[in-house]
Amino acid sequence: NSYTGKINPIPSENNWKLTGNLRFLEGSNNTSNYDLVPERLRAISPLDVPVRSKDIILTDSDFESIIAEDEKKIVPGLGEIGSPVHLYGEEAKLAEKMIKTEAFNVIVSDKISLTRSVPDSRDPLCKDVLYDKNLPSATVIIIFTNEAWSSLIRTVKSVILRSKEHLLKEIILVDDFSDREELGGKLDYYIKTRLPSKVHLIRLPERSGLIRARLAGASAATGDVLIFLDSHCERLKESRKSVLVPIIDVIDDQTLEYFHSNGKFFQVGGFTWSGHFTWVDIPKREIERRGNPIGPTRSPTMAGGLFAIDKNYFWEIGSYDSQMDVWGGENLEMSFRVWQCGGLLETIPCSRVGHIFRSFHPYSFPGNRDTHGINTARVAHVWMDDYKRLFFMHRPDLLTVDYGDITERKEFRSRMKCKDFKWYLQNIYPEKFILDENVKAFGRVRSGTLCLDNLQRNERNEYTLGVYHCHERLYSSQFFSLSNLGELRREEVCADVPSQSADQKKVKMMKCHGMRGNQEWELLKNGHLLHKATGNCLDSMGIQSGDEVFVTQCRGIPSQVWVFDNYEPN
Ligand code: LR7
Ligand code: MN
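Here the structure is a predicted model, which means the values were calculated and not measured.

Parameters and conventions
- Residues numbered from 1 in each chain as written.
- Chains lettered and ligands numbered in written order.
- Predicted model: local features only at pLDDT ≥ 70, side-chain atom pairs only at ≥ 80, totals over all residues.
- Helix = DSSP H or I, 4+ residues; strand = E, 2+ residues; numbered from the N terminus.
- Buried ≥ 20, exposed ≤ 12 C-beta atoms within 10 Å, placed from the backbone.
- Contact = placed C-beta atoms within 7 Å.
- Near = placed C-beta within 6 Å.
- Nonpolar A, V, L, I, M, F, W, Y, C, P; charged D, E, K, R; others polar.
- Core = buried A, V, L, I, M, F, W, Y, C linked by C-beta atoms within 7 Å.
- Domains from an automatic or database assignment.
- Pairing = 2+ DSSP bridges.
- Axes fitted to C-alpha atoms, helices over the stretch in contact; angles between N-to-C directions.
- Parallel < 35°, antiparallel > 145°, perpendicular 65-115°, else oblique.
- Left-handed = near helix turned anticlockwise from the far one by under 90°.
- pLDDT = per-residue confidence, 0-100.

Engineer: Is there a simple way to think about the overall build of the protein in this case?
Structural biologist: A count of helical and extended segments in the protein gives 18 helices and 24 strands. Every one of the 570 residues in the protein was classed for burial, and the buried ones make up 41%. In the protein, the share of contacts with a sequence separation of at least 24, taken over all contacts with a separation of at least 6, comes to 77%.

Listed below in structure tokens is the structure:
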């Protein structure tokens, strides 16, 4: 067996032997789906697997000694039941250095057993659930590009260890053109010698991005259900048109501690108008609808990485937008598409998957393109109808970007007679605040030459409301709405004057609670913004661009007059 760091594919007989596990692909017949897969990814036959030239020749015994070295690093007992691992001295320093390239602590990961135990983080009620014996079989698809060795192998082993043998048809690893040495020949060798024969590896012939990597995995799958990293098939049997996601537990990026809440609390997926996935509380109406705390819980969107879907339904419902690059956006695309085209997206509370949340991407973005932004522009154009105005208000730069051709996706949408985005907002996500609909006023809020402004604060934290020179155009930082509930608000945060706070007069922007109270304002005929609970008015007296506004006694003076760009008639 040979392997070099070179990634230039040279087909050879030799390589086919290396990846003998790929043989099953010959038998897979996804004829009806196949044309949905981009041409260059279709040719996933053993002979097309990239082959390495022979600069460095590693033999089986070389691999054996490399693997033995890995095993020596493992400290038995460390990290068991998901406990944290702390490093000291030189090792801690080295780890810190490596976190800068890996985005998580590989030194710790290397020390933890590849089959370590994790806590059972499920709601205790889950233990009493009886599952059907006969369930559809599953293909687990794990994609990666230049991932660290030990965490990758631990992922595979945890799937094998925690799945019912007869339900796990196969695991398909899709290598999105990694160029790390250890993911080359060593991985082939490891799979061949250390993992069950149902573990297969697909090598993509070029860097394809996670969307096309998943498509490649899906096109090779032979199981009934596709699982992108988890196994919860029982529900799929009842309802074929469901996309199911687990509760995602957090594995700490520094200590690899497996965190979990008390088993009962979890959130579902939302989105921001700037095109990002967010977590939101389960709406009251949904808690009532699902009845049982461990029942499938509808989610407006999903995080994207971990889900299960009926294989045929995956193709029927439009698989993925294969023109999306590298990373980002495909999760909202799939979420909107599934709901708008008649499917369901549900969280299965008894299903848990841990995930290492990294603070940056340890892999390259070819061309340094903002793939998240560009992919999301595609989502906006295809799925969001007029509501894309709100996305592009946040990202005017993307209005002119080349986002490629979307004809096929639009054709899919009309062929499938998918519902529009308004329907989605009204029926699937009625809690979502629409900045310029069903509000009393919206846009810039002007007092002289100054406008209310978030002053670029991080809106996840509380901040004090300020003003800035009015922009010529309406940008997100100056977009405020006066809602029908009387909130002076932005997408998630509301102007609040805390009744007990020490600096009574400042206005805090904090999470909207929807209960009026300290977040209720009234727009008076004279343009004053009256804070109902304190009876004071919003004032810009004596302040400059960049300063904070305040509330004070209402006095009919110009600094208390605020003019919105738009007022709703009524
Ligand atoms: O070009 C690439 N090719 C790849 O194969 C880029 C990435 N990848 C692989 C990568 O090696 C990894 O295995 O794709 C996988 C996901 O990449 P991450 O781990 O960098 O992504 P993430 O966890 O930061 O991002 C989340 O959002 C993404 C949007 O495109 C994807 O949907 C990810 O799968 C998704 N991850 C999750 O949903 C896990 C839970 C996180 C949350 C919330
Ligand atoms: Mn991830």
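Engineer: Could you clarify how one ought to interpret the site of ligand 1 in this entry?
Structural biologist: Taken together, 21 residues are adjacent to ligand 1, and Asp176, Leu210, Ala303, Gly304 and Gly305 come closest. Counting only elements with at least two residues in the shell around ligand 1, the list comes to strand E1 (138-144), helix H10 (209-220) and helix H14 (330-340). Top element by residues in the shell around ligand 1 is H10. It accounts for three residues. Taken together, the residues of the shell around ligand 1 sort by class into 10 nonpolar, eight polar and three charged.

Engineer: What's the story with the environment of Met334 in this structure? I'm lost.
Structural biologist: With respect to the helices, strands and loops of the structure, Met334 is situated in helix H14. When the 26 C-beta atoms within 10 Å are taken as the criterion, Met334 is described as buried. As a C-alpha pair, Met334 and Asp321 span 13 residues in sequence and 8.7 Å in three-dimensional space.

Engineer: Would you take a moment to explain the nonpolar core for this structure?
Structural biologist: In globular proteins that are soluble, nonpolar side chains generally tend to be buried together. Among the nonpolar cores identified, the biggest contains 120 residues, and Ile141, Val174, Leu226 and Phe307 are the most heavily contacted of them. The biggest single contributor to this core is H10, with seven residues. Residue contributions to this core reach at least three from each of two domains, namely domain 1 (13-356) and domain 2 (439-567). Excluding residues within four positions of it along the chain, Val174 makes contact with Ile141, Ile143, Ile202, Leu204, Ala213, Ala216 and Gly217.

Engineer: Sorry if this is basic, but what is going on with the sheet that holds strand E22 (residues 536-539) here?
Structural biologist: One open sheet holds the four strands; their spatial order is E20-E21-E22-E23, and the pairing between them is antiparallel. Across the chains shown, the open sheet's two edge strands, defined by having one partner strand only, are strand E20 (521-523) and strand E23 (550-553). Pairs of neighbouring strands in the sheet enclose a mean axial angle of 40°, with direction left out of account. Taken together, the four bridges between E22 and E23 define a ladder with antiparallel strand orientation. When the sheet's bridge partners are listed, Asn536 is paired in E23 with Gln553.

Engineer: It is not clear to me how H14 should be interpreted in this structure. Could you clarify?
Structural biologist: Every α-helix winds through 3.6 residues per turn, so residues three or four apart in the chain are directed the same way. Counting buried positions over the 11 residues of H14 gives 11, a clear majority of the element. Those residues of H14 that sit buried are Glu330, Asn331, Leu332, Glu333, Met334, Ser335, Phe336, Arg337, Val338, Trp339 and Gln340. Downstream of H14 by one or two residues, Gly342 has phi in the positive range, about 100°.

Engineer: How do you make sense of the packing of H14 against helix H15 (residues 371-383) when you look at a structure like this?
Structural biologist: In a pair of packed helices, the angle between the axes and the distance between the axes together describe the arrangement. Look at H14 against H15: their axes get within 9 Å of each other, and the N-to-C directions meet at 15°. Classified by the angle their axes make, H14 and H15 are roughly parallel. At the point where H14 passes H15, the crossing takes the left-handed sense. Along its contact with H14, which presents Glu330, Leu332, Glu333, Phe336, Arg337 and Gln340, the element H15 presents Asn375, Thr376, Val379 and Trp383.

Engineer: Mind showing me how you'd approach unusual backbone geometry here?
Structural biologist: Glycine aside, residues mostly have negative phi angles, and peptide bonds mostly take the trans form. The residue Ile81 is not glycine, and still its phi comes out positive at about 50°. Within the secondary structure, Ile81 is located in the loop between helix H5 (60-73) and helix H6 (89-102). Of note in this structure, Ala103 is not a glycine but carries a positive phi near 70°. Residue position: Ala103 is located in the loop between H6 and helix H7 (106-111).

Engineer: So what exactly am I meant to see when it comes to the environment of Arg180 here?
Structural biologist: Among the secondary structure elements, Arg180 is positioned in the loop between strand E2 (168-175) and helix H9 (185-194). The class of Arg180 is partly exposed, set by 17 C-beta atoms lying within 10 Å. In this structure, the C-alpha to C-alpha distance between Arg180 and Lys506, residues 326 residues apart in sequence, is 54 Å.

Engineer: How should the pairing of strand E12 (residues 439-447) be read in this particular structure?
Structural biologist: Along a regular strand, successive side chains alternate from one face of the sheet to the other. Across four bridges, E12 lies against strand E16 (residues 480-483) in antiparallel orientation. Note that in E16 the partner of Ala441 across the bridge is Leu482. Strand direction decides the pairing type here: E12 and strand E24 (residues 563-567), joined by four bridges, are antiparallel. When the bridges of E24 are listed, Arg446 appears paired with Val563. Where E12 hands over to strand E13 (residues 450-453), the hairpin turn is made up of two residues, of which Gly448 adopts a positive phi near 65°.

Engineer: Which parts of the structure should I look at to understand the packing of H5 against H9?
Structural biologist: Packing of H5 against H9 leaves a shortest axis separation of 10 Å and a crossing angle of 85°. Of the possible angle classes, the one that applies to H5 and H9 is roughly perpendicular. Packed against H5, whose contacting residues are Asp60, Phe63, Ile66 and Ile67, the element H9 presents Gly185, Lys186, Tyr189 and Tyr190 at the interface. Among the residues forming the contact of H5 with H9, the class breakdown is five nonpolar, one polar and two charged.

Engineer: Looking at this model, I keep getting lost on the environment of Lys164. Mind explaining?
Structural biologist: Along the polypeptide, Lys164 turns up in the loop between helix H8 (149-161) and E2. We classify Lys164 as partly exposed; it has 13 C-beta atoms within 10 Å. For the pair Lys164 and Ile434, spaced 270 residues apart in the sequence, the C-alpha separation amounts to 45 Å.

Engineer: Would you take a moment to explain the confidence of the model for the protein for this structure?
Structural biologist: The predicted structure's coordinates, where accompanied by low pLDDT, should not be read in detail. When pLDDT is averaged along the protein, the result is 87; 87% of the residues meet or exceed 70. Considering only residues more than four positions removed or in separate chains, one finds that residues 1-55, a stretch of pLDDT under 50, has 94 contacts. For this predicted complex, the interface score ipTM comes out at 0.95, alongside a pTM of 0.87.

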